[in-house]
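Each chain, letter by letter, is given below.
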Amino acid sequence: MHAKDWKLNDVLQERQQWVIPVYQRHYAWETREDKQIPTLWNDLRERAEEKLDGEDVKPHFVGAIIYSQPTDQPFGTVNKRFLVDGQQRITTFNLVLAALRDSAEENGCEQISNAVSEYLFNAISGGMAEPEKERFKLWSSSFDRPFFLAVATKSADEIRAEFPEFFYKNGKLIWGQAPKLLAAYWYLREVIAEYIDEKKGEEFSVEQVLNALLSGFLHSFQIVVIQLGKEDDAQVIFASLNGNAEPLTAFDLIRNDIFHRARLSLENDDTLFEKHWSKLETDFWKEEVKQGRLKRPRVDHLISHSLVAETGEEVAAGQVSNAYKNFALRMAFPSVEAEIESLLHYANAYRAIEEGDTSNALGRYGNFTKVWDTSTFHPVALWAAYQEMPDEEETEILRLIEDYVVRRDLIGGSNKNYNKIAPNMIDAMKSAESPLAGLVKYVGSLTAPTSRMPTHSDLIGAANRENAYGNLGSKKLRYILTKLERELRTKFDENIPIENLSIEHILPDKWAKNWPLKKSGIAPSEDFFAAVDAGHSVSPEMREEMDLRERAKNTLGNLTLLTPPANTVNGNEGWDFKRERIGKSLLALNRDIAENDQWGEEEIRDRGERLAEAVHRVWPGLSNVEDEIPLS
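The model shown is predicted, which means the values in this text are computed figures rather than measured ones. (Residues numbered from 1 in each chain as written. Predicted model: local features only at pLDDT ≥ 70, side-chain atom pairs only at ≥ 80, totals over all residues. Heavy atoms only, no water.)

Looking only at helices and strands, the protein chain has 29 helices and 10 strands in total. Expressed along its principal axes, the backbone C-alpha trace of the protein chain runs to roughly 90 × 70 × 45 Å. A buried classification covers 50% of the 632 residues belonging to the protein chain. Nonlocal contacts in the protein chain, meaning residues at least 24 apart in sequence, comprise 71% of its contacts between residues at least 6 apart. Of the roughly 30,700 Å² that the protein chain leaves accessible, carbon and sulfur atoms contribute 49%. (Helix = DSSP H or I, 4+ residues; strand = E, 2+ residues; numbered from the N terminus. Buried < 20%, exposed > 50% of the residue type's maximum accessible area, 1.4 Å probe, protein only. Contact = heavy atoms within 4.5 Å. Areas by Shrake-Rupley, 256 points an atom, 1.4 Å probe, with all protein chains shown as cover.)

A separate point is the pattern of salt bridges. According to the stated counting rule, one finds 39 salt bridges in the structure shown. Notably, a salt bridge pairs Glu 355 with Arg 351, separated by 2.9 Å at the nearest N-O pair. Within this pair, Glu 355 and its partner Arg 351 are both found in helix α17 (residues 347-355), separated by 4 residues, close to a single helical turn. Given a relative accessible area of 31%, Arg 351 falls into the partly exposed group. (Salt bridge = Lys/Arg side-chain N within 4 Å of Asp/Glu carboxyl O.)

Taking every second residue as pointing to the same face, both faces of strand β10 (residues 559-562) are buried, with Leu 559 and Leu 561 on one and Thr 560 and Leu 562 on the other. Here 4 bridges tie strand β9 (residues 502-505) to β10, and the two strands are oriented antiparallel to one another. Its bridge partner being in β10, Ile 503 is matched across the sheet by Leu 561. (Pairing = 2+ DSSP bridges.)

Of all the positions in helix α16 (residues 336-343), only Val 336, Glu 339, Ile 340 and Leu 343 are classed as buried. With its buried residues spanning 95° around the axis, α16 presents them on a single face. (Arc of directions from axis to C-beta.)

With that settled, the discussion passes to the packing of helix α14 (residues 298-311) against helix α21 (residues 418-430). Axis separation between α14 and α21 bottoms out at 8 Å; the angle between their running directions is 40°. Between α14 and α21, the angle falls in the class oblique. Contact with α14, carried on its side by Val 308, Ala 309, Glu 310 and Thr 311, involves Pro 423, Ile 426 and Lys 430 of α21 and no other residues of that element. The residue makeup of the contact of α14 with α21, split by class, is 4 nonpolar, 1 polar and 2 charged. (Axes fitted to C-alpha atoms, helices over the stretch in contact; angles between N-to-C directions. Parallel < 35°, antiparallel > 145°, perpendicular 65-115°, else oblique. Nonpolar A, V, L, I, M, F, W, Y, C, P; charged D, E, K, R; others polar.)

We now examine the packing of helix α3 (residues 87-106) against helix α4 (residues 110-120). The contact between α3 and α4 brings their axes to 8 Å, and the two run at 160°. Relative to α4, α3 is oriented roughly antiparallel. By crossing handedness, the relation of α3 to α4 is classed as left-handed. Taken together, the residues of α4 that come into contact with α3 (itself represented by Asn 94, Leu 97, Ala 98, Arg 101, Ala 104 and Glu 105) are Ile 112, Ser 113, Val 116, Ser 117, Tyr 119 and Leu 120. Among the residues forming the contact of α3 with α4, the class breakdown is 7 nonpolar, 3 polar and 2 charged. (Left-handed = near helix turned anticlockwise from the far one by under 90°.)

The subject of this paragraph is α14. Counted at 1.5 Å a residue, the expected span for α14 with its 14 residues is 20 Å, and the 20 Å between its end C-alpha atoms agrees. Just past α14, the residue Gly 312 takes up positive phi, approximately 65°. (Expected span 1.5 Å × (residues − 1).)

This next bit is on the packing of aromatic side chains. On inspection of all chains with the given rule, the structure shows 25 aromatic pairs. Relative to Trp 285, the ring of Phe 284 lies with its centre 4.9 Å away and its plane at 85°, an arrangement referred to as edge-to-face. When its relative accessible area of 15% is taken as the criterion, Phe 284 is described as buried. Judged by centre distance (4.9 Å) and plane angle (40°), the ring pair of Phe 368 and Trp 372 falls under tilted. In this pair, Phe 368 and Trp 372 are both assigned in helix α18 (residues 361-372), 4 residues apart and thus about one turn of the helix distant. Take Phe 368 and Trp 372: they sit in the same class, and that class is buried. Put simply, the rings of Phe 93, Phe 217 and Phe 221 touch in pairs and so form one group of aromatic residues. Here Arg 81 stacks its cationic end above the ring of Trp 18, 5.8 Å away from the centre of that ring. (Phe/Tyr/Trp six-rings, centres within 6.5 Å; stacked < 30°, edge-to-face > 60°. Lys NZ or Arg CZ within 6 Å of the ring centre and 35° of its normal.)

A few words now on the environment of Ser 342. Structurally, Ser 342 is set in helix α16. Exposure remark for Ser 342: the relative accessible area of 22% places this residue in the partly exposed category. A C-alpha to C-alpha distance of 40 Å links Ser 342 and Val 615, two positions 273 residues apart in sequence.

Below, the discussion takes up the side chain of Glu 30. Along the polypeptide, Glu 30 turns up in the loop between β2 (16-19) and α2 (36-52). Separated by 2.5 Å, the side chains of Glu 30 and Arg 32 make a polar contact. (Polar contact = N/O pair within 3.5 Å; in protein donor to acceptor, adjacent residues only side chain to side chain.)

Turning our eyes to something else, we now look at the nonpolar core. In terms of nonpolar packing, the biggest core is built from 90 residues, with Ile 258, Ile 303, Tyr 324, Phe 377, Tyr 404, Val 443 and Leu 484 touching the most fellow members. No other element matches helix α20 (residues 391-410), which puts 8 residues into this core. Discounting residues that sit within four places of it in the chain, Leu 484 has contacts with Leu 589, Leu 611, Ala 614, Val 615, Val 618 and Trp 619. Tyr 27, Ala 99, Leu 120 and Ala 184 belong to the second largest nonpolar core, which has 71 residues in total. (Core = buried A, V, L, I, M, F, W, Y, C linked by side-chain atoms within 4.5 Å.)

Turning our attention to the environment of Glu 281. Mapped onto the fold, Glu 281 is located in the loop between α12 (269-275) and α13 (283-286). By relative accessible area, Glu 281 is classed as buried at 17%. Taking the C-alpha atoms as reference points, Glu 281 and Ile 174, separated by 107 residues in sequence, lie 41 Å from one another. A polar contact of 2.9 Å, which involves the side chain of Glu 281, links it to the side chain of Trp 277.

A negative phi angle is the norm for most residues apart from glycine, just as the trans form is the norm for most peptide bonds. Positioned with a positive phi, Glu 203 is a non-glycine residue whose angle comes to about 70°. Relative to the assigned elements, Glu 203 resides in the loop between α8 (180-200) and α9 (206-220). Residue Glu 203 is classed as exposed on the basis of its relative accessible area of 73%. With a phi close to 65°, Leu 266 is a non-glycine residue in the positive phi region. Mapping Leu 266 onto the fold places it in the loop between α11 (250-264) and α12.

A few words now on the confidence of the model for the protein chain. The predicted model of the protein chain averages 87 in pLDDT, with 91% of residues at 70 or higher. Segment residues 238-246: pLDDT under 50, and 7 contacts once partners within four positions in sequence are set aside and those in other chains are kept. Considering only residues more than four positions removed or in separate chains, one finds that residues 625-632, a stretch of pLDDT under 50, has 21 contacts. (pLDDT = per-residue confidence, 0-100.)

Positionally, Glu 601 belongs in helix α29 (residues 601-618). Among the residues examined, Glu 601 registers a relative accessible area of 17% and is labelled buried. Within the local environment of Glu 601, its side chain forms a polar contact with the side chain of Arg 549, the two groups lying 3.0 Å apart. Every residue in contact with Glu 601, bar those within four places of it in the chain, is listed here: Leu 548, Arg 549 and Ala 552.

Take a look at the structure:
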């Protein structure tokens, strides 16, 4: 048995054919957001981002493959390499190449398309015994072979024609019905196309994007290749590897490495486990929880966030175990026991975030991040939790994070730079005499539209411009409106509970029947809308009035809270009916709504601006940052 690590470029460019034996299972990698294909794409995208940003592209380990190679193959034929383990990886690598080739071809990048094809096919020669078979660098299992051969040799339209049962009439894939190999290829096609469009918006050419993806894939992805000897029984080894195996988590890999080093240093691993490590082996830490697109054991998230908190550096999801090894090497801990104690350093603070006890600042921050489904700033919160500072200062740091995220969401700002901003926040706090002062200075220094703290005037402008209902969703809106309700209450208001209320559109989503347009006095029917959508002509004035109303109905000023029964009864009724119902509400948020004789675009605008003022009081952000650069 011989093992060596290689770049994918070196493994895939050879004249060879990877053959999947009959005892291997069908292609099994999935496209659901927490499964293997999206995870691989995230890793590939991160490498491309580094390349496009002009950074040194970090190597990325993608596992191992094991193969056997017969020694009596005919001279001149393509060397067959029978996969013992790694079928899923090798197949997926070929799907990535096919998707990149097709993207290049569809975008007119012929040179790139031809170059990628050389990784999918062997050049035909007179020495081949079966040229039509040997030209493929992957010979898939019998079940998957028709789909792979189609992916390798046909266009998207030809694939649809060959397998119409897996596509809707509009050409879109039927995800739950299509074979996993075809679904994986189609997923990669779509995310690559979306990424190209995204980067074109940042003024990168298609060639630059495809070259960055290919470079990251072929030169940064690394794999261990293990060749079996004649004495090794390939099928027995495969059964041993895959019989009851589950994929190792980052936590598994780190645990194995730590305790291996403990044994080498003659430390008592039983004592280390009982005294320290067992604290991380409870059901709480083993439970799989979703953060963003990733569903992993909670302890994996803890380690990832702890590394960012300690190093101030980004940690890619697929690089946690490698990042931890590098961290432990740099730290040169005096003992493995000291290393484990360091690993446990943030565990209590992270648990407080997860448990969400509202009596403490970390718990309140944790509840906020659950509503927003973001954990990007957890390392900032963890680092702040263990510094020598007054509780009030820690609370202000967590408040500033919430202010930043809420205000940017309310103005429709991008969040794509958060994973870079969070480590920079930690660096800024570490280098300042006062962590809070360092954080305030750093956030105040952010001037790019994609990262800066929205100002007071940004909030006012966005209140009547942004689709708050569509952009934020009901959970975030309920959180914001609940906070605003508390802000608007006076000492004379009843302290009524406001949990479990529903988002109410005062001007309803389907307003046509009971809400005539102000200028024309017309209440368009549903048939009228359908006719307009189908191209039926309408006066420019009426079209403008309808568009204005459609935009206004989802802005902040038209949204409030009601009990679910009141929300249901109100439905799409007219203003007179709704006014009576809303007028009976005890919420301060609704106090001024029923005072209006009518409800339309002007009233929505005025209320939106009043709510934006309240937002500025609840989430003050950096009130001294001047309004210099417009946000996009």
